[in-house]
Amino acid sequence: MPPEPSAPPPRPFPAGFVWGAATSAFQVEGAAAQDGKGPSIWDAFCREAGRIADGSSGEVACDHYHRLEEDLDLLAWLGVGAYRFSIAWPRVQPAGSGAVNEPGLAFYDRLVDGLLARGIRPFATLYHWDLPLALQERHGGWRSRETAHRFADYAAIVGRRLGDRVASFATLNEPWVVAVLGHERGVFAPGIADRATAMQVSHHLLLGHGLAVDALRAAGTAAPVGIVLNLSPAHARTTSAEDAAKARLEDGLGARWYLDPLFKGRYPADVLAHLGPDAPAIRDGDLQAIGRPIDFLGVNYYMRTVASAGEPWSPAQAGAAVTDMGWEVYPAGLTELLERLHRDYAPPPLYITENGAAFKDLAAAGAVEDEDRRRYLADHVAAVAEAIARGVDVRGYFVWSLLDNFEWASGYEKRFGIVRVDFATGERTPKRSAHWYRQFIAANGRA
Ligand code: FCB
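Residues numbered from 1 in each chain as written. Predicted model: local features only at pLDDT ≥ 70, side-chain atom pairs only at ≥ 80, totals over all residues. Heavy atoms only, no water.

Q: Please clarify how the nonpolar core should be interpreted in this entry.
A: Nonpolar side chains in soluble globular proteins tend to be buried together. In terms of nonpolar packing, the biggest core is built from 140 residues, with Trp 42, Ile 87, Tyr 108, Tyr 127, Tyr 397 and Tyr 437 touching the most fellow members. Of the residues forming this core, the biggest block, nine residues, is contributed by helix H14 (residues 371-389). Apart from residues no more than four positions distant in its own chain, Tyr 108 is found in contact with Ala 25, Glu 29, Phe 85, Ser 86, Ile 87, Ala 88, Arg 91, Val 92 and Leu 162. (Core = buried A, V, L, I, M, F, W, Y, C linked by side-chain atoms within 4.5 Å. Buried < 20%, exposed > 50% of the residue type's maximum accessible area, 1.4 Å probe, protein only. Helix = DSSP H or I, 4+ residues; strand = E, 2+ residues; numbered from the N terminus. Contact = heavy atoms within 4.5 Å.)

Q: Just to check I follow, could you spell out the pairing of strand S5 (residues 225-230) for this structure?
A: Regular strands have side chains that alternate between both faces of the sheet. Summarising burial for S5: six of the six residues are buried, a large majority. The side-chain alternation of S5 yields two buried faces, one formed by Val 225, Ile 227 and Leu 229 and the other by Gly 226, Val 228 and Asn 230. Bridging between strand S4 (residues 168-173) and S5 involves three bridges; their strand directions are parallel. Opposite Ala 170, over in S5, you have Gly 226 as the bridge partner. In this sheet, strand S7 (residues 296-300) lies alongside S5 in parallel orientation, the contact comprising five bridges. Residue pairing across strands places Val 228 opposite Gly 298, the latter belonging to S7. (Pairing = 2+ DSSP bridges.)

Q: Would you take a moment to explain the site of the ligand for this structure?
A: As a structural note, the neighbourhood of the ligand is formed by Gln 27, His 128, Trp 129, Asn 173, Glu 174, Asn 300, Tyr 302, Glu 354, Trp 400, Glu 407, Trp 408 and Phe 416. For the ligand, an oxygen atom lies 2.8 Å from a polar atom in the side chain of His 128. When its residues are assigned to classes, the shell around the ligand shows five nonpolar, four polar and three charged. (Near = heavy atom within 4 Å. Polar contact = N/O pair within 3.5 Å; in protein donor to acceptor, adjacent residues only side chain to side chain. Nonpolar A, V, L, I, M, F, W, Y, C, P; charged D, E, K, R; others polar.)

Q: Help me understand the packing of helix H3 (residues 68-78) against helix H5 (residues 102-117) in this model?
A: Two elements in contact, H3 and H5, have axes separated by 10 Å at closest approach and are oriented at 30 degrees. The angle between H3 and H5 falls in the class roughly parallel. At the point where H3 passes H5, the crossing takes the right-handed sense. Between H3, through Leu 68, Leu 72 and Leu 75, and H5, the contact on the second element is made entirely by Phe 107, Arg 110, Leu 111, Gly 114 and Leu 115. The class makeup of the residues in the contact of H3 with H5 is six nonpolar, one polar and one charged. (Axes fitted to C-alpha atoms, helices over the stretch in contact; angles between N-to-C directions. Parallel < 35°, antiparallel > 145°, perpendicular 65-115°, else oblique. Left-handed = near helix turned anticlockwise from the far one by under 90°.)

Q: Honestly, helix H8 (residues 175-183) in this entry has me stumped. Any pointers?
A: Most of H8 sits inside the fold, with nine of its nine residues counted as buried. Buried residues of H8: Pro 175, Trp 176, Val 177, Val 178, Ala 179, Val 180, Leu 181, Gly 182 and His 183, and no others. For H8, the secondary structure elements touched by its buried residues are strand S3 (121-127), S4, helix H9 (195-218), S5 and helix H10 (241-264).

Q: Any chance you could explain the pattern of salt bridges here in plain terms?
A: Opposite charge on two side chains permits them to pair, given that their charged atoms come into close proximity. In the structure shown here, the tally under the stated rule is 43 salt bridges. Note that Glu 371 and Arg 374 form a salt bridge whose closest N and O atoms lie 2.9 Å from each other. With Glu 371 and Arg 374 both in helix H14, this residue pair falls three residues apart, about one helical turn. Of the residues examined, Glu 371 reaches a relative accessible area of 29% and is grouped as partly exposed. For Arg 374, a relative accessible area of 4% gives the class buried. (Salt bridge = Lys/Arg side-chain N within 4 Å of Asp/Glu carboxyl O.)

Okay, structure coming up:
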């Protein structure tokens with residue numbers, strides 16, 4: 001029989017390589033106002049007319065809060081070695097500072113203990129975008145340095161409570177998205193459109209990350225501590241000098257702006273020069289705090305970007321295969337990205353903390369056909385294997401996402417899950433891609 005075009009890579013993955021699945025609190029939990037949870041900026045954003053494509057919200061989402069045991073069993077069925085989830089700050093501290101909400105922490109206790117009971121390692125992310133609304137209203141959220149300090153307090157609370165059982169702590173998920181989509185383009189919460197604000201926010205996020213690293217370690221956790229960035233190779237559309245310069249700038253704003261302070265102790269000079277008056281105010285000691293050594297770097301990879309001097313932003317090469325988000329399918333970009341990180345930053349161990357695709361799945365009679373997603377995942381896993389073969393230290397891979405869920409400004413219209421969720425009934429149905437991943441993990445060793 002001829003080999004399948006995207007058969008699993010023949011190369012074995014290193015011993016201990018972690019296969020996982022990922023979600024985030026706001027996108028799956030629901031129970032938006034239950035058991036003392038405070039509102040987040042995303043709860044408020046969803047209530048603003050026209051912000052979410054289908055007018056929906058995270059109020060119920062996948063109802064994961066109430067279906068915890070079922071979802072834990074699903075993870076066990078899948079055979080993953082780890083589950084990446086996020087903790088909702090407003091569930092833990094409803095007002096973002098001060099009083100701690102015990103039932104909120106108790107939920108994450110149950111989640112963590114339920115994972116451990118099934119032999120699944122808990123990978124926790126502290127901030128996946130659901131800032132307590134009170135912090136936004138009181139002093140402008142991440143625009144203010146205050147928020148970085150409040151974030152460190154919250155990290156200490158979580159570290160003290162869960163730090164004995166969590167296998168990995170990520171401080172932030174994708175600070176670029178929070179800064180740029182939330183504060184420059186205004187398409188994500190809190191919906192601000194001002195570049196100087198966005199750049200100040202990016203600095204306060206990074207500062208908050210650094211302070212939280214110290215806070216987690218001071219809380220006594222033995223878990224590795226790191227951060228998760230969304231990274232895309234930026235390619236020039238043509239060989240013109242203008243397009244090359246645009247690609248370099250996009251790489252500067254999207255990648256080096258975060259990687260350089262984390263690993264080189266400075267912001268990139270060319271980007272600072274480009275920003276001019278929009279550059280953030282930085283205080284003495286900030287860069288030392290941001291550059292605290294970390295134990296791992298999480299990489300979320302979906303696509304490359306193709307830069308053209310004549311266009312503001314373009315995620316796909318003309319004519320290329322794209323997902324339902326319009327994002328180009330480009331697995332080779334993941335190998336390129338991982339090698340580049342290895343070469344330019346000598347980073348700590350890398351994890352692919354998110355990779356996946358939205359497609360319009362064909363659901364019929366208890367089965368869901370998503371061959372395009374299965375192939376996307378298989379090809380990207382092969383791209384990771386290629387990077388490892390070329391000497392990059394990658395320790396794990398997490399599919400985005402375990403479940404179809406609330407895809408931010410796209411609402412429920414874009415489905416990323418390897419498990420289908422019927423949002424009317426809550427019913428979960430593993431898609432063909434989930435069956436494939438399950439077999440793949442079983443064959444490649446569950447770490
Ligand atoms: C990433 C987010 C994640 C999900 C995927 C599709 O940017 O971290 O929550 O929305 O994109």
